[in-house]
Amino acid sequence: MLDQKLLRQDPEAVRDALARRGYVFDVEAFGTLEAQRRELQSQTEALQHARNSHSKAIGQAKKAGESVQPLLDEMAQVGQQLKEAEEKLAATQQSLTALLEQLPNLPHESVPMGATEADNVEVRRWSTPPEFDFKPRDHVDLGDINGGLDFASGAKLSGARFVVMRQGIARLHRALAQFMLDIHTQKHGYHEVYVPYLVKPEALYGTGQLPKFADDLFKIENHDHPLHLIPTAEVPLTNLAAGEILEADQLPLGYVSHSPCFRSEAGSYGRDTRGMIRQHQFDKVELVQLTRPDDSYAALERMTGHAEFVLQQLELPYRVVTLCGGDMGFAAAKTYDIEVWLPGQDAYREISSCSNTEGFQARRMQARWRNPETGKPEPLHTLNGSALAVGRCLVAVLENGQQADGRIAIPQALQPYMDGREWL
RNA sequence: GGAGAGGUGGCUGAGUGGUUGAAAGCGCCGCACUCGAAAUGCGGUAGGUCUUAACGGGCCUCGGGGGUUCGAAUCCCUCCCUCUCCGCCA
């Protein structure tokens, strides 16, 4: 949710900022609704005031033993008017909210202009893609050779975009998650959290997935109380702060969680249909930070560095790109994607996405901190980043570590998590 | 799943229809006393929103939603959650 004060004071600035991410904001429609809301609200409140003071007077008159009938007669009218005014106001507020909750976050000034992936800007590269004296296979072929990546069984059990992993590869998958968790808790100071994988609609509203992106989620009809499978642990982790007022000395607060993620990927038919790049279910180690507003951009750099550190330890070449306005997610003000080198695709592919949402999610979920300078609760800033997507990381380890004979070299840092094995 | 008890401010906890957004205590902040601290005394201390240059003022909020009433923390309906006992279970 955007800051409503800003929206009222300077809607043109909001329109211009949103235009940078390709969103068209109808200033006039907003202005009309907002004026209507203002008018109805003051009308309603005046009537409520009349009701309150009359009721109070009736109480006092009764106590004093005076007649209350004249006051009751006056109230008969006010009651009807108030009911009508309240209904009109509620309807207007509903339309206004419906409009506001569709608006994506404003891009930070450092976010490059552009509409698509092609306009993202590379920030840096680490290491160089490995040279092979044979034609590198992709992970699907490598998984076949090792017998551990079983897409047929995944399809048999659950349909397309599900996988069964076995033996060494299942073990490697588990090792990667453990390895990442240990790094972030021990080296980067994150607080480890185990979260529910089913959450209420309110939580998804807080982080911005609902109401706009319901089609991308799996929904469980649970009597009258629907639950959704989390598309990322960002949802439960960030919502831990929902409705809370944190003290300044508690910030920054960093959470890490390993969880499965469930995405119906409604809009992605035909993309990445081969292999496990795009699955309905995948594991991820997620970082979330809650920070003071003046610290959030420094925190974004730190967090991106934390994700990069995992790839460095695994000796996987990558690059970091700044997403352009048009490629950013709904809630993000600025996003760095980390793209790992995949020899099987001869390309860099996204393995992490680190975003600062500033106060966008915090306002939706009322996550606040007490600003010592004002003494008031103010929205804090929330950040989230994958560190990393475990499934895609597995793909990267397989493809980058492959040998001509189909064996896979296990990165040294990971070997302690694999019983000391050097090869898969 | 069965039976019962509850959900009130940062916390504990009073409040069963009328100046109660809410007693009291704890905590926190300020002031006084003190060389300083403790103890003590006095005062202050929920959130949201609208309005105002500011002071201030209006409205909303006592788990969520709905209802009764001139008026609801208080009565009714409904949902959610917590606790205790029993059953079941990893």
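The model shown is predicted, which means the values in this text are computed figures rather than measured ones.

Trainee: Help me out: how do you make sense of the overall build of chain A in this one?
Mentor: From N to C terminus, chain A includes twelve helices and 16 strands. Principal axes of the C-alpha set define a box for chain A whose edges measure 100 × 45 × 45 Å. The burial tally for chain A puts 48% of its 424 residues in the buried class. The long-range share in chain A, meaning contacts at least 24 apart out of those at least 6 apart in sequence, stands at 73%. Here chain A carries 44 positive and 58 negative side-chain charges, and the mean point of each set is 2 Å from the other.

Trainee: Please explain the protein's contact with RNA strand B as it appears in this structure.
Mentor: The immediate surroundings of RNA strand B are formed by 20 residues, with Arg8, Arg38, Glu45, Gln48 and Arg51 found nearest. A breakdown of the atoms of RNA strand B within 4 Å of the protein gives sugar and phosphate a share of 71%. Note that a sugar or linking oxygen of RNA strand B is positioned 3.4 Å from one of the side-chain N or O atoms of Gln41. In this structure, a phosphate oxygen belonging to RNA strand B sits 3.3 Å away from a side-chain N or O atom of Asn52. Counting residues per element, the ones that place at least two in the surface near RNA strand B are helix H3 (27-64), helix H4 (69-100) and strand E14 (368-370). In terms of residue count, the dominant contributor to the surface near RNA strand B is H3 (13 residues). Residues belonging to the surface near RNA strand B are distributed by class as follows: four nonpolar, eight polar and eight charged.

Trainee: Just checking my understanding: could you explain the nonpolar core for this structure?
Mentor: If you look at the biggest cluster of nonpolar residues, it comprises 49 residues, and the most contacted ones within it are Leu172, Leu176 and Leu398. Elements with a minimum of two residues in this core: helix H7 (167-187), strand E10 (281-291), helix H10 (296-313), strand E11 (318-322), strand E12 (334-342), strand E13 (347-356), strand E16 (381-389) and helix H12 (390-400). Counting residues per element, this core draws most heavily on H7, which supplies nine residues. With residues up to four places along the chain from it excluded, the contact list for Leu172 reads Leu394, Val397, Leu398, Leu414, Met418 and Leu424. Ala17, Phe25, Val27 and Leu103 belong to the second-largest nonpolar core, a separate cluster that totals 17 residues.

Trainee: Any chance you could explain the sheet that holds E11 here in plain terms?
Mentor: The strands making up a sheet associate through hydrogen bonds between their backbones, and the pairing can be parallel or antiparallel. An order of E1-E11-E12-E13-E16-E10-E9-E4 is seen for the eight strands of this open sheet, with the pairing classed as mixed. Where the open sheet ends on each side, the last strands, each with one partner, are strand E1 (121-126) and strand E4 (191-192). The pairing of E10 with E16 spans seven bridges and is classified as antiparallel. When the bridges of E16 are listed, Lys284 appears paired with Ala389.

Trainee: Before we go on, may I ask you to explain H4 in this structure?
Mentor: Residues spaced three or four apart along an α-helix face the same direction, because each turn holds 3.6 residues. Taking 1.5 Å per residue as the helical rise, H4 with its 32 residues ought to reach 46 Å, and the 46 Å between its terminal C-alpha atoms agrees with that figure. Within H4, burial applies to Met75, Val78, Leu82, Ala85, Leu89, Thr92, Leu96 and Leu100. Against helix H1 (4-9) and H3 lie the buried residues of H4.

Trainee: Please explain the domain arrangement of chain A as it appears in this structure.
Mentor: How big an interface is tends to be reported as the loss of accessible area on association of its parts. For chain A, the assigned domains read domain 1 (26-102) and domain 2 (117-417). Distance between the C-alpha centres of domain 1 and domain 2: 48 Å.

Trainee: Would you mind showing me how to read the UniProt feature "binding site: L-serine" (unreviewed entry) in chain A here?
Mentor: Taking the numbering used here, the UniProt-annotated feature "binding site: L-serine" (unreviewed entry) corresponds to Thr232, Ala233, Glu234, Arg263, Glu286, Asn384 and Ser386. Take Thr232: it is sitting in the loop between strand E7 (227-229) and helix H9 (234-239). When near neighbours in sequence (up to four residues on either side) are disregarded, Thr232 contacts Gln209, Cys261, Arg263, Lys284 and Glu286. Mapping Ala233 onto the fold places it in the loop between E7 and H9. With near-sequence residues (within four places) excluded, Ala233 lies in contact with Val195, Ser257, Ser259, Cys261, Lys284 and Glu286.

Trainee: Before we go on, may I ask you to explain helix H2 (residues 11-19) in this structure?
Mentor: Of the residues making up H2, those classed as buried are Pro11, Val14, Ala17 and Leu18. Summarising the axial view, the buried residues of H2 lie within an arc of 120°, below the 170-degree limit, and thus occupy one face. Against H1 and H3 lie the buried residues of H2.

Trainee: Looking at this structure, I do not really get the packing of H7 against H12. What am I missing?
Mentor: Each pair of packed helices can be described by the angle between their axes along with the distance between the axes. The geometry of H7 relative to H12 is characterised by a closest axis approach of 10 Å and an angle of 115° between their N-to-C directions. Viewed along their axes, H7 and H12 form a crossing whose handedness is right-handed. Across the interface between the two elements, Ile169, Leu172, His173, Leu176, Ala177 and Met180 of H7 pack against Val390, Gly391, Cys393, Leu394, Val397 and Leu398 of H12. Classifying every residue of the contact of H7 with H12 by side-chain character gives ten nonpolar, two polar and no charged.

Trainee: Before we go on, may I ask you to explain the packing of aromatic side chains in this structure?
Mentor: Think of a pair of aromatic rings as described by two things: how far the centres are apart, and how the planes are tilted against each other in angle. One pass over the structure, following the stated rule, counts eight aromatic pairs. Each residue in the set Phe213, Phe330 and Phe360 is aromatic and connected to the rest through ring pairs, giving one cluster. The cationic tip of Arg364 hangs over the ring face of Tyr205; the distance from NZ or CZ to the ring centre is 4.3 Å. For Arg407, the ring lying beneath its charged end belongs to Trp423, and the centroid distance is 4.0 Å.

Trainee: How should I be thinking about unusual backbone geometry in this particular structure?
Mentor: Note the cis peptide between Leu210 and Pro211, where omega equals 5°. Looking at the element boundaries, Pro211 is found in the loop between helix H8 (201-207) and strand E6 (219-220). Pro252 follows Leu251 through a cis peptide bond whose omega is -5°. A positive phi angle is found at Glu315, which is not glycine, with a value near 60°. Positionally, Glu315 belongs in the loop between H10 and E11. Backbone geometry places Gln366, a non-glycine residue, at a positive phi of 55°. Checked against the element boundaries, Gln366 lands in the loop between helix H11 (360-365) and E14. Taking relative accessible area as the criterion, Gln366 reaches 47% and is therefore assigned partly exposed.

Analysis parameters
Residues numbered from 1 in each chain as written. Chains lettered and ligands numbered in written order. Predicted model: local features only at pLDDT ≥ 70, side-chain atom pairs only at ≥ 80, totals over all residues. Heavy atoms only, no water. Helix = DSSP H or I, 4+ residues; strand = E, 2+ residues; numbered from the N terminus. Buried < 20%, exposed > 50% of the residue type's maximum accessible area, 1.4 Å probe, protein only. Contact = heavy atoms within 4.5 Å. Lys, Arg positive; Asp, Glu negative; His and termini not counted. Charge placed at Lys NZ, Arg CZ, Asp CG, Glu CD. Near = heavy atom within 4 Å. Polar contact = N/O pair within 3.5 Å; in protein donor to acceptor, adjacent residues only side chain to side chain. Nonpolar A, V, L, I, M, F, W, Y, C, P; charged D, E, K, R; others polar. Core = buried A, V, L, I, M, F, W, Y, C linked by side-chain atoms within 4.5 Å. Pairing = 2+ DSSP bridges. Expected span 1.5 Å × (residues − 1). Domains from an automatic or database assignment. UniProt positions renumbered as here; feature names shortened; annotations may be inferred. Arc of directions from axis to C-beta. Axes fitted to C-alpha atoms, helices over the stretch in contact; angles between N-to-C directions. Left-handed = near helix turned anticlockwise from the far one by under 90°. Phe/Tyr/Trp six-rings, centres within 6.5 Å; stacked < 30°, edge-to-face > 60°. Lys NZ or Arg CZ within 6 Å of the ring centre and 35° of its normal.

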